[in-house]
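Given next are the chains, with one letter for each unit.
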Amino acid sequence: MPSQGTIGDRVRGLRLNRRMSQAQLAGPDLSDSYVSLIESGKRTPTPVVARLLAERLGCTTEFLLHGIEPRQRIDTELGLRHAELELQHGDPSVAADRFSEIVKAADEENAMLTAHARFGRARALEAQGRLGQAVEAFERLRREAAAHPERLADLPLTIALSRCYQRAGDRLRARDLAGAALEQAQRLSITQGEIAIDLAAALVEARSERESDSPELGYVRRVLDLTGVPEVVDRSGEIQALWHASAAAAAGEDSALAVRLADDAIMAGRQTRLALELAGVAMHWARLATAPIDEAERLIASAAKAFAAFPATTREHGESLIVHARVKLRADDPVRAGELAGAALGLSHDRSGTTPAEAHLVLATVALSQESGQEAATHLRQAHELLDALDRPVFGSDRQAARCWRELGDLYGRAGSRPQQTAAYRKALEAAGVRSAMAGVTADATVSH
């Protein structure tokens, strides 16, 4: 049975295969000119007309509209869901392969399913950290979405691109894309749901912590006010059970049940993912120097509670404790700030990322406020060693490391360690990608013990 990529191609192929003229296919109900318009792609048949044509051409309506038979389509739908589960709860590289297989199998026979599979593959590349390939895939899909809006929405693609550019260190491009996405979301009055949360995350991550109110931050605040940070529980056991049951149903050739079970697993995981993403938005909001202390305290406490519920978010939990400690410093509560920083250190077993260094920076700040110079020097030295041990970013600058080095320089200045202060500021510029500006500058980078 012919399976060309458009409805018009399939109608024409089936008609010629059955040696029918356009007038014969039109019959008494349609005109041959209308059939001609359908075959040329200038008209899309209504569901009623599609059923009528399918009966005369001896195929199913599903095949005529989508290019694949009902069983084949449901198997493709199931493949998409299992690939999505692999992306969210398994191995992103396996997910990328599964999405690619669907793209190859579907080809142009079903443009919508193919577009969703390509979107899934792009997200899987992003999840693997293959940002260059992910950006290329998202950009290509975005261009196609502008030409074929019935296949894939443009807004999620723009948000995904902003997220990728932010991770790659191109903050200006990330901000431009997030701003474009915001304009579209506001035109459509989108302030709740998955797209709103994804957009809020992209907007707040691209902002400076010292930035004052802006339309972008206003949108983030509205999303937080409307949704908050919901309480969540770890449903990973339930998700895995549903996923396995779906696979078992598929093996038993009950594809319809397999799809429903996979949908249940995806929905359970989506609720958790969105709750954790909101916790991340709340954490970034609490970091803002302009955030009212009471509001920052409420949001970061909720975020820390959400991250604490999941073993997989231990790093984020530690990060949230540091943000909470900084809020406490702003609130003039150094004792509680020190306790939170100490708890964050206890979570940072692998000593990777900036969280352990930030914990020592907070503890050094507390020690300096209590005029405990020796203790402050110890924490400054440990922070310096941890920052020195960080891997350099593959792409662009490391804004978080730059911020830590700058803070370390400020604290060295408060402690009266001028050579170390200069060295830390130089490191801050290097982490921010500004190496040439410091060419020829020498400073004693030795940390006194």
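Residues numbered from 1 in each chain as written. Predicted model: local features only at pLDDT ≥ 70, side-chain atom pairs only at ≥ 80, totals over all residues. Heavy atoms only, no water.

Caption draft 1: Layout of the overall build of the protein. Per the secondary structure count, the protein includes 22 helices and 0 strands. Across the protein, every contact between residues at least 6 apart in sequence was considered, and the portion connecting residues at least 24 apart equals 61%. Summing over all exposed atoms, the protein offers an accessible surface of approximately 21,600 Å²; the carbon and sulfur share of this is 50%. (Helix = DSSP H or I, 4+ residues; strand = E, 2+ residues; numbered from the N terminus. Contact = heavy atoms within 4.5 Å. Areas by Shrake-Rupley, 256 points an atom, 1.4 Å probe, with all protein chains shown as cover.)

Caption draft 2: The arrangement of the pattern of salt bridges in detail. Under the defined criterion, the tally for this structure stands at 26 salt bridges. The closest approach of N and O atoms between Asp263 and Arg81, which form a salt bridge, is 2.6 Å. With a gap of 182 residues between them, Asp263 in helix H15 (residues 255-287) and Arg81 in helix H6 (residues 70-89) connect regions that are remote in the sequence. A salt bridge links Arg326 to Glu407, with the nearest nitrogen and oxygen atoms 2.8 Å apart. Here Arg326 is found in helix H17 (residues 314-330), whereas its partner Glu407 is found in helix H21 (residues 399-415), with 81 residues between them in sequence. Since its relative accessible area comes to 17%, Glu407 is described here as buried. Connected through salt bridges with shared partners, the residues Glu194, Asp198, Arg270, Arg273 and Glu277 form a single ionic network. (Salt bridge = Lys/Arg side-chain N within 4 Å of Asp/Glu carboxyl O. Buried < 20%, exposed > 50% of the residue type's maximum accessible area, 1.4 Å probe, protein only.)

Caption draft 3: Region of interest: helix H16 (residues 293-308). Taking 1.5 Å of rise per residue, 16 residues should cover 22 Å, and H16 covers 22 Å from first to last C-alpha, within 8% of that figure. Buried within H16 are the following residues: Glu295, Ala296, Leu299, Ile300, Ala303, Ala304, Ala306 and Phe307. For H16, the angular spread of buried residues about the axis comes to 160 degrees, placing them on one side. Along H16, exposed side chains directed more than 90 degrees from the buried face belong to Asp294 and Lys305. (Expected span 1.5 Å × (residues − 1). Arc of directions from axis to C-beta.)

Caption draft 4: Structural view of the packing of helix H12 (residues 194-205) against helix H13 (residues 215-227). Contact geometry of H12 with H13 gives a least axis separation of 9 Å together with a crossing angle of 135 degrees. As summarised for this structure, H12 and H13 are arranged oblique, according to the angle between their axes. Between H12 and H13 lies a crossing whose hand is left-handed. Residue-level inspection shows Ala196, Ile197, Leu199, Ala200, Leu203 and Val204 of H12 in contact with H13, the latter providing Glu216, Leu217, Tyr219, Val220 and Val223. Considering only residue class, the contact of H12 with H13 consists of 10 nonpolar, no polar and 1 charged. (Axes fitted to C-alpha atoms, helices over the stretch in contact; angles between N-to-C directions. Parallel < 35°, antiparallel > 145°, perpendicular 65-115°, else oblique. Left-handed = near helix turned anticlockwise from the far one by under 90°. Nonpolar A, V, L, I, M, F, W, Y, C, P; charged D, E, K, R; others polar.)

Caption draft 5: Local environment of the packing of aromatic side chains. Taken as a whole and judged by the stated rule, the model has 1 aromatic pair. Plain terms: the ring middles of Phe119 and Phe138 are 6.0 Å apart, the flat faces sit at 65 degrees to each other, and that makes the pair edge-to-face. Here the residue Phe119 occupies a position in helix H8 (residues 111-127), and Phe138 occupies one in helix H9 (residues 131-147), the gap between them amounting to 19 residues. The exposure class of Phe119 is buried, given its relative accessible area of 16%. Here Arg123 stacks its cationic end above the ring of Phe119, 5.0 Å away from the centre of that ring. (Phe/Tyr/Trp six-rings, centres within 6.5 Å; stacked < 30°, edge-to-face > 60°. Lys NZ or Arg CZ within 6 Å of the ring centre and 35° of its normal.)

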